[in-house]
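# Structural characterization, general
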Amino acid sequence: MVPRRFRVAAKRRDTADTWTFELEPAEGDTIRFVPGQFTMLSAGGAGEVPISISGDPHQPERLVQTVRAVGLATQAICRSEPGGSLGVRGPFGSAWPIEQLEGADVVLAAGGIGLPPLRPALLTMIARRKRYGRLVLLYGARSPDTLMFPEEHVAWSESGVEVHVTVDSAGPEWLGHVGVVTRLINRARLDPARTSALSCGPEVMMRFVVAGLVDQGVATDRIHVSLERNMQCGIGHCGHCQLGPTLVCRDGPVYRWSQVAPWLAIREL
Ligand SMILES: Cc1cc2nc3c(=O)[nH]c(=O)nc-3n(C[C@H](O)[C@H](O)[C@H](O)COP(=O)(O)OP(=O)(O)OC[C@H]3O[C@@H](n4cnc5c(N)ncnc54)[C@H](O)[C@@H]3O)c2cc1C
């Protein structure tokens, strides 16, 4: 439960309210993690919050995390500057099942700040590109200036990922797609029998993504989602993140859709 001190080695502004931090342990070992896991991150006395790891698991020397400033704790984290320090506990939680997906076509469907938690999985699958069929990224954001990691989209595409990006609305200078992320599912021309999917973003967006994939014939036990719930301890003790019979910090955040769908169907469970 005691956070370790990590030094802010680098900080990059991604969008108006979102920053990516590279952190190094003040002492001791670096953090090794699997794609999909998160840490409990804190700055000063402003509270501790779950934040997914967005870096490359094969470059664990620096812990990379991408944070959107929405409230007290995340604003305090985002005010931290290089040379300063943050508290880190973890890594915690379940992983995207990327080994199980070998041989399959894999769709990664992300909305807004849902892309950073999928980035470690995407980078790992790119590094093992030959083990997968098609890799298809479907990414939607509110507007062009809220797209995460736009400079990496080209590199991913050159590495054999089919990258489809859309925004909800844009000015005339935007030459890409406009519309919700689910519209990209039809464009991707999936082979449902070969397709598995990983999705992260607002829960309502993931529900629509799942519906779109199921419409195309993708089985719900081949769709995996990362859920967000109010978490306080991160280790399955406090019970704040309970969802039906599971604790999202311990058993999630990554679940098979077929497992969580019955619980998510019950309002305020
Ligand atoms: C497993 C997991 C991984 C996450 N990964 C990231 C990440 O990589 N980057 C990132 O920026 N955020 C991530 N989050 C969300 C982040 O934890 C919340 O934004 C944070 O807890 C807000 O705390 P706060 O004190 O800054 O704001 P608060 O004052 O607690 O809340 C400010 C606003 O954000 C809303 N909010 C608070 N917590 C959540 C939540 N868990 N989900 C949705 N809305 C929330 C509140 O309703 C309120 O409107 C993740 C959450 C979980 C559970």
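Structure shown above.
This structure is a prediction, so every number in the text was calculated from the model and none was measured.

### Comments concerning the sheet that holds strand β8 (residues 135-141)
If you trace the seven strands from one edge of the open sheet to the other, you get β10-β9-β8-β7-β11-β12-β15, paired in mixed fashion. Every interior strand has two partners, whereas the edge strands, β10 (177-178) and β15 (254-256), have only one. Examined bridge by bridge, strand β12 (residues 223-226) and β15 share three bridges and lie antiparallel to one another. By the bridge assignment, H224 is partnered in β15 with R256. Contacts from helix α7 (residues 257-264) reach β12 and β15, with the element oriented near 90 degrees to β15.

### Here's the deal with the pattern of salt bridges
Enumeration over the complete set of coordinates arrives at 14 salt bridges. A salt bridge links R119 to E152; the nearest nitrogen and oxygen atoms lie 3.0 Å apart. Here E152 lies in helix α3 (residues 150-158) and R119 lies in helix α2 (residues 115-127), a separation of 33 residues in the sequence. E152 matches R119 in its accessibility class, with the two residues each being buried.

### Overview of the nonpolar core
Within the largest apolar cluster, 33 residues are counted, with the highest numbers of intra-cluster contacts made by L138, L213, L227 and V260. Of all the elements in the fold, those that place two or more residues in this core are β3 (38-42), β7 (105-111), β8, α4 (183-187), α5 (203-215), β12, α6 (248-251) and α7. The element that contributes the greatest number of residues to this core is α5, accounting for five residues. When neighbours within four sequence positions are excluded, V260 is seen to be in contact with V225, L227, L243 and Y255.

### Topic: the site of the ligand
The environment of the ligand is formed by 18 residues, the closest being P50, T66, R68, T74 and E228. G71 is positioned with one of its backbone polar atoms (N or O) 3.2 Å from an oxygen atom of the ligand. In isolation the ligand offers 870 Å² of accessible surface; the protein chains occlude 65% of this area. The cavity where the ligand resides is the largest pocket. Here the shell around the ligand takes four residues from strand β4 (residues 48-52), the largest share from any one element.

### Brief notes about the packing of α2 against α3
Orientation of α2 relative to α3, taken along the N-to-C sense of each, is 25 degrees, at an axis distance of 12 Å. As summarised for this structure, α2 and α3 are arranged roughly parallel, according to the angle between their axes. In this structure, the crossing between α2 and α3 has a hand that is left-handed. Of the residues in α3, those in contact with L115, R119, L122, L123 and I126 of α2 are E152, H153 and W156.

Conventions we followed
Residues numbered from 1 in each chain as written. Predicted model: local features only at pLDDT ≥ 70, side-chain atom pairs only at ≥ 80, totals over all residues. Heavy atoms only, no water. Pairing = 2+ DSSP bridges. Helix = DSSP H or I, 4+ residues; strand = E, 2+ residues; numbered from the N terminus. Contact = heavy atoms within 4.5 Å. Axes fitted to C-alpha atoms, helices over the stretch in contact; angles between N-to-C directions. Salt bridge = Lys/Arg side-chain N within 4 Å of Asp/Glu carboxyl O. Buried < 20%, exposed > 50% of the residue type's maximum accessible area, 1.4 Å probe, protein only. Core = buried A, V, L, I, M, F, W, Y, C linked by side-chain atoms within 4.5 Å. Near = heavy atom within 4 Å. Polar contact = N/O pair within 3.5 Å; in protein donor to acceptor, adjacent residues only side chain to side chain. Areas by Shrake-Rupley, 256 points an atom, 1.4 Å probe, with all protein chains shown as cover. 1 Å grid on protein atoms, 1.4 Å probe; cavity = no way out; pocket = protein on both sides within 12 Å on 5 of 7 lines; lining within 4 Å. Sits in = over half its atoms within 2 Å of the grid points. Parallel < 35°, antiparallel > 145°, perpendicular 65-115°, else oblique. Left-handed = near helix turned anticlockwise from the far one by under 90°.

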